[in-house]
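Observations on the three-dimensional arrangement
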Amino acid sequence: ETGVTQSPTHLIKTRGQQVTLRCSSQSGHNTVSWYQQALGQGPQFIFQYYREEENGRGNFPPRFSGLQFPNYSSELNVNALELDDSALYLCASSRTGVDYGNTIYFGEGSWLTVV
Amino acid sequence: SQQGEEDPQALSIQEGENATMNCSYKTSINNLQWYRQNSGRGLVHLILIRSNEREKHSGRLRVTLDTSKKSSSLLITASRAADTASYFCASYSSASKIIFGSGTRLSIRP
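Described in the following lines is the structure provided in the data block. (Residues numbered from 1 in each chain as written. Chains lettered and ligands numbered in written order. Predicted model: local features only at pLDDT ≥ 70, side-chain atom pairs only at ≥ 80, totals over all residues. Heavy atoms only, no water.)

Here we take up the pairing of strand β6 (residues 55-58) of chain B. All names here are of chain B. Examined bridge by bridge, β6 and strand β7 (residues 61-66) share 4 bridges and lie antiparallel to one another. The residue of β7 that forms the bridge with K56 is V63. Adjacent in sequence and paired antiparallel, β6 and β7 are bridged by 2 residues, among which G59 carries a positive phi angle near 60°. (Pairing = 2+ DSSP bridges. Helix = DSSP H or I, 4+ residues; strand = E, 2+ residues; numbered from the N terminus.)

Here it is in structure tokens:
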């Protein structure tokens, strides 16, 4: 149990629709990051938020956007869904930036299927 | 692709044997971490090694880091059936943030 919770656990969307995934961070963690994991692949870094501001982004188009709230919970929004967006979306939280050697704690993920 | 590389992609060993997985990365790092993932679940942090460390131990786990070769290895000793999972390395840097390897699928035969 990592204390990071994600919702929903599974969802199915139609190509072109929009989706919002939610994440509740572990208590005391001010940094949240999101990852996309396609079947059989390693997670790919989407972006990271620190104190409500994006402070790092991977190679994902602008239709992937996010928010971090004052209570450090977070949302991942994906617009104009494409079939290739089907994946497990993982949220992780940490105290300050993970590149400073802080352990990050992952949620169980949200499975998104785009049809 | 953002992916680092891990080998082997899949490894099947007998219970009680040791398992070694390797990881290579491309940029200078602050630290490297290893994670375990059971099928379709979230990732569980195993061990962190900083760029100025060469070896680290945690229980049955031993991690090495060679920054000159930009590579790391994870050794699991005395494997158990419960060790069956996918294992990922993740390299962390201020510039490129976080890059995960493609993973090694480890199967432990009883």
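Before going further, it helps to spend a moment on the pattern of salt bridges. One pass over the full model with this rule turns up 8 salt bridges over all chains. Its salt-bridge partner being A:R22, residue A:E75 comes within 3.5 Å of it at the nearest N-O pair. With A:E75 in strand β8 (residues 74-78) and A:R22 in strand β3 (residues 19-24), this pair connects stretches of sequence that are 53 residues apart. For A:R22, a relative accessible area of 43% puts it in the partly exposed group. The partner of B:E55 in a salt bridge is B:R62, with the nearest N and O atoms 3.2 Å apart. What you see here is one network of salt bridges that share partners, running through A:R63, A:E82 and A:D85. (Salt bridge = Lys/Arg side-chain N within 4 Å of Asp/Glu carboxyl O. Buried < 20%, exposed > 50% of the residue type's maximum accessible area, 1.4 Å probe, protein only.)

Another aspect to go through is the state of the cysteines. Applying the stated criterion to the full structure yields 2 disulfides over all chains. Shown here is the disulfide that connects A:C23 with A:C91, its sulfur atoms set 1.8 Å apart. Between A:C23 and A:C91 the sulfur-sulfur dihedral comes to about -65°; the bridge is accordingly left-handed. Taken together, the residues A:C23 in strand β3 and A:C91 in strand β9 (residues 87-94) connect sequence positions 68 residues apart. For the pair formed by A:C23 and A:C91, the shared burial category is buried. Disulfide pairing is shown between B:C23 and B:C89; the S-S distance is 1.9 Å. Classification of the bridge connecting B:C23 and B:C89 rests on its S-S torsion, roughly 70°, and on that basis the disulfide is right-handed. With B:C23 in strand β3 (residues 19-24) and B:C89 in strand β9 (residues 85-93), the pair connects residues that are 66 residues apart, well separated along the chain. When its relative accessible area of 3% is taken as the criterion, B:C23 is described as buried. (Disulfide = S-S within 2.5 Å.)

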